[in-house]
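If you want the building blocks of each chain, they are given just below.
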Amino acid sequence: MNSNRKADIQRRLALASVPKPPEGLADRIKADIPKYLKATGNDRQRHSRSISLNLRVAASFLLLISAVFTAVQLMSPEEEMQSMKTVATATYSPASPSLPELQRAIAAAPQEEVRVEIAEEAAASVAMTRTGETDGAPVLAHAAPPRARRDMPTVEEAERAIQNAEVGVTGNLVGRVAEAAPPPAQMADVAGVTPTFPAAAPAPQAARREAAATAAFSKEAKAADSVAASGDTIFGISVDPAVFHRIKATLEQGERPSADSVNIAALVNYFAGAPARKPRRDVTLEVEGSPVPVGVEGRRGMVRFTIDTPAAKVVAKNATIEIDINHAAVTTFRPIGVDPAAAAEDALPGSTSITGLYEVELRPGISARERVATVTLRYHSVNENRERVIRKELRGRDFAGAWTAASRRHRLASLGAVWGETLKGAASEAEVARRAEELATQSPDDSRARELSRLAAVSSRMRGTPGTGSGG
Amino acid sequence: MTEQVSPAGEERKLLAAIRAGDTVAAEELVERTYSAVFASLCRLCGDSDLAADLTQETFQKAWAALAGFDGRSQLFTWLYRIAYTTFLNHIRRPRRMTSLDEPDAIDVRDERPPADEQLADAEEASHLREAVMRLPEDLRFTVTAHFWGGLPVKEIAEIERITTVAIRKRLHKAFSILEGMLGEEVR
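Residues numbered from 1 in each chain as written. Chains lettered and ligands numbered in written order. Predicted model: local features only at pLDDT ≥ 70, side-chain atom pairs only at ≥ 80, totals over all residues. Heavy atoms only, no water.

### A word on the overall build of chain B
Thought 1: On a plain count of helices and strands, chain B comes out with eight helices and zero strands.
Thought 2: Order of helices (α) and strands (β) in chain B, N terminus to C terminus: α-α-α-α-α-α-α-α.
Thought 3: By the burial criterion, 51% of the 187 residues in chain B qualify as buried.
Thought 4: On chain B, roughly 8700 Å² of surface is accessible, and the fraction owed to carbon and sulfur atoms is 50%. (Helix = DSSP H or I, 4+ residues; strand = E, 2+ residues; numbered from the N terminus. Buried < 20%, exposed > 50% of the residue type's maximum accessible area, 1.4 Å probe, protein only. Areas by Shrake-Rupley, 256 points an atom, 1.4 Å probe, with all protein chains shown as cover.)

Structure follows, in structure tokens:
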């Protein structure tokens with residue numbers, strides 16, 4: 001299968017039309033919510049409270065038993081320690097004694113040792129009955145001390161010795177002792193933690209990316225503001241970031257901006273922003289095509305051109321931009337904020353990015369190779385002291401893929417334009433908001449994408465509200 | 001001015017709130033996603049009324065399955081999976097088979113300039129949908145998820161537990177099969 005056929009199939013798949021959701025669908029869906037959440041929320045709360053209570057009770061018992069045992073250890077003479085060793089050796093055999101067997105062995109031991117063994121057995125019984133998180137095997141939270149030492153062992157030394165003990169580490173009871181012998185403090189910590197639905201803490205890496213994005217955004221904003229200070233339009237295209245900030249402020253105040261305050265070209269340029277990487281040349285021209293971002297019906301596409309001048313000084317003079325639309329391939333087209341009559345600049349300012357958009361309607365059946373548009377930038381290079389021409393073309397295949405396959409810059413610029421049009425009264429606000437959210441999710445480091453997502457959602461909820469806010 | 005929480009973090013917070021029984025958070029989830037779920041289902045079944053019913057059914061299943069969502073994929077990706085399965089279950093139900101030959105019931109309430117046209121008439125759209133539905137399941141899901149669900153390749157790879165290269169191979173294979181079924185010619 002050749003690339004043309006592939007592109008054609010992709011185009012047909014991507015352009016599958018879809019109506020808007022019927023009125024009331026969202027309400028119908030929301031009406032199902034309370035039944036579910038009330039039932040599951042209460043159950044979950046009861047369950048988590050139950051588990052927390054069990055763990056706290058178990059921790060309390062273990063603390064008590066440990067304290068009693070330690071006290072007994074401190075008060076017992078060495079001979080009794082040897083007797084306990086004999087009992088322990090006979091009792092904790094490698095043959096996995098069961099609890100009844102252990103109880104019988106303890107009962108047969110000298111009376112003086114019974115008190116200690118009973119405390120141990122009680123700990124085992126308590127742990128087995130009180131501990132909520134088991135896999136079926138009884139868990140002893142504390143263990144018998146080592147028997148072979150003459151000096152009085154500490155609790156920690158006893159636990160370590162149990163883990164290394166020659167006697168019975170394979171049986172259920174003693175094996176679990178060796179494996180799961182946390183000190184009481186650990187059990188207390190565990191008991192204090194809600195076992196289900198842990199809140200996702202922000203990852204440190206994400207926080208660092210966020211900080212970096214914020215710094216980059218601030219830097220970009222400053223750079224953009226410096227451009228605004230030198231002039232609001234370039235090639236007749238508004239590059240004034242203040243337009244966006246005023247619209248944003250209006251929305252954040254709960255008001256919808258008035259239609260005439262929305263300069264779509266300014267929004268396009270705000271969201272297109274600076275290039276992700278510093279271009280190698282003093283002047284670069286980007287040209288890109290795609291289907292329209294929302295309401296993909298018919299053969300509508302977006303043509304974008306962006307001129308970047310990364311150098312801080314003026315490097316291009318007597319610049320002209322020309323967009324030639326091929327009428328053999330395009331039925332209709334309209335500039336989005338671009339004033340074709342003002343397509344010349346005496347000098348392109350440095351550290352500048354200028355983006356223009358055209359919406360085109362492709363003729364039916366154009367081939368992938370057919371030329372759709374040509375963008376030509378002519379200027380006098382200050383550094384080289386000569387005329388330069390950059391010319392780039394868009395063809396049918398450039399509009400065949402999904403909009404989501406376009407570059408992030410293109411998606412931001414085109415979606416910013418469509419969003420601006422919804423602020424002026426066009427429909428599809430909900431779909432714009434959804435696209436913006438997808439874009440923000442795919443580009444978590446891009447502050448502009450997040451802004452567009454947030455504000456598109458805000459304005460979508462205001463749909464139907466007349467614009468009252470003052471803007472540009 | 002700048003958001004302090006990433007979109008992924010916001011999604012996690014939203015999910016945590018819903019799991020804790022916050023109905024406002026659940027409604028926000030609906031507002032964010034229902035139109036996209038509807039659009040996907042509409043492209044799958046070609047009937048807006050049926051798509052609306054399936055959308056409602058999708059969210060009913062989503063509430064019940066929320067506890068099992070592990071957050072590996074994006075929320076909409078998970079929802080799309082449920083929607084897709086809901087659609088398949090619907091067409092497999094006895095006495096409720098959705099004929100793929102039914103004409104589209106597209107209600108275009110469009111306010112854009114009249115110069116806009118639909119890419120294909122209802123018959124062509126139905127033909128395309130029928131061809132897609134005849135693809136093998138793995139290819140069909142990949143094609144519909146990417147083109148009609150709007151899921152990026154990476155997300156599809158995540159929920160399918162395979163590589164992005166494998167997803168792209170699936171797409172390529174699907175195009176080959178569709179070409180044969182549709183009888184495409186370069187014009």
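### Some details on the overall build of chain A
Thought 1: Along the backbone of chain A there are 15 helices and 10 strands.
Thought 2: Here chain A holds 472 residues, and 50% of them are scored as buried.
Thought 3: Long-range contacts, defined here as pairs at least 24 residues apart, represent 76% of the contacts in chain A between residues at least 6 apart. (Contact = heavy atoms within 4.5 Å.)

### So, the nonpolar core
Thought 1: Grouped together as the largest cluster of nonpolar side chains are 66 residues, with contacts concentrated most on Leu13 of chain A together with Phe87 and Val132 of chain B.
Thought 2: In terms of residue count, helix α2 (residues 23-45) of chain B provides more of this core than any other element does, 13 residues in total.
Thought 3: Ranked by size, the runner-up nonpolar core spans 36 residues in total, among them Trp403, Ala413, Ala436 and Ala440 of chain A. (Core = buried A, V, L, I, M, F, W, Y, C linked by side-chain atoms within 4.5 Å.)

### Notes on helix α13 (residues 408-423) of chain A
Thought 1: Helix length check: α13 of chain A, at 16 residues, gives a terminal C-alpha distance of 22 Å against a target of 22 Å (1.5 Å per residue), a fit within 8%.
Thought 2: Looking at the residues trailing α13 of chain A, positive phi occurs at Gly425 of chain A, about 120°. (Expected span 1.5 Å × (residues − 1).)

### Examining the pairing of strand β8 (residues 352-362) of chain A
Residue and element names in this part refer to chain A.
Thought 1: For β8, a buried count of 11 out of 11 residues is recorded, marking the element as mostly surrounded by other parts of the structure.
Thought 2: Residue alternation in β8 divides its side chains into two sets, Thr352, Ile354, Gly356, Tyr358, Val360 and Leu362 and Ser353, Thr355, Leu357, Glu359 and Glu361, and both sets are buried.
Thought 3: Note that strand β4 (residues 300-309) and β8 share 10 bridges and pair antiparallel. From the neighbouring strand, Gly301 faces β8, where its bridge partner is Val360.
Thought 4: Bridging between strand β6 (residues 330-336) and β8 involves six bridges; their strand directions are antiparallel. Note on β8: the bridge partner recorded for Thr332 is Glu361. (Pairing = 2+ DSSP bridges.)

### Focus on the packing of helix α1 (residues 3-14) of chain A against helix α8 (residues 164-182) of chain B
Relative placement of two packed helices is described by the angle separating their axes and the distance separating the axes.
Thought 1: Relative orientation of the contacting elements α1 of chain A and α8 of chain B amounts to 90°, with a least axis distance of 10 Å. When the axis of α1 of chain A is compared with that of α8 of chain B, the two are roughly perpendicular. From α1 of chain A, Arg5, Lys6, Ile9, Gln10, Arg12 and Leu13 of chain A reach across to α8 of chain B, where they touch His172, Phe175, Leu178, Glu179 and Leu182 of chain B. (Axes fitted to C-alpha atoms, helices over the stretch in contact; angles between N-to-C directions. Parallel < 35°, antiparallel > 145°, perpendicular 65-115°, else oblique.)

### Overview of the packing of aromatic side chains
Residues and elements named next belong to chain A.
Thought 1: Under the counting rule described, the total for this entry stands at 11 aromatic pairs over all chains.
Thought 2: Measuring from ring centre to ring centre gives 5.2 Å for Tyr270 and Phe271, while their planes differ by 90°; the resulting arrangement is edge-to-face. Just as Tyr270 is buried, Phe271 falls in that class too.
Thought 3: With a centroid separation of 6.1 Å and 80° between ring planes, the pair formed by Phe271 and Trp419 is classed as edge-to-face. (Phe/Tyr/Trp six-rings, centres within 6.5 Å; stacked < 30°, edge-to-face > 60°.)

### Some thoughts on the pattern of salt bridges
Thought 1: In this structure the tally under the stated criterion is 30 salt bridges over all chains.
Thought 2: Lys61 of chain B serves as the salt-bridge partner of Glu57 of chain B, at 3.5 Å between the closest nitrogen and oxygen. Taken together, the residues Glu57 of chain B and Lys61 of chain B, both in helix α3 (residues 48-65) and four residues apart, mark about one turn of the helix.
Thought 3: A relative accessible area of 18% means that Glu57 of chain B is categorised as buried.
Thought 4: Overlapping salt bridges bring together Glu286, Glu288, Arg304, Asp308 and Arg409 of chain A as one network. (Salt bridge = Lys/Arg side-chain N within 4 Å of Asp/Glu carboxyl O.)

### Some points on the sheet that holds β6 of chain A
All names here are of chain A.
Thought 1: Spatially, β3-β4-β8-β6 is the arrangement adopted by the four strands of the open sheet, whose pairing is antiparallel. What marks the edges here is a single partner per strand, and that holds for β3 (284-291) and β6. Adjacent strand axes in the sheet meet at a mean angle of 20°, parallel and antiparallel pairs treated alike.
Thought 2: In this sheet, β4 lies alongside β3 in antiparallel orientation, the contact comprising eight bridges. The residue of β4 that forms the bridge with Glu286 is Thr306.

### Some thoughts on the confidence of the model for chain A
Residue and element names in this part refer to chain A.
Thought 1: Per-residue pLDDT for chain A averages 70, and the proportion of residues at 70 or more is 58%.
Thought 2: In the model of chain A, helix α8 (residues 172-179) stands out as the element of lowest mean pLDDT, 33, in contrast to helix α12 (residues 264-272), which has the highest, 94.
Thought 3: Contacts of residues 83-99 to residues separated by more than four positions or lying in other chains number 33 contacts, the stretch itself having pLDDT below 50.
Thought 4: Here residues 109-153 scores under 50 on pLDDT; set against residues more than four positions off or in separate chains, the count is 91 contacts. (pLDDT = per-residue confidence, 0-100.)

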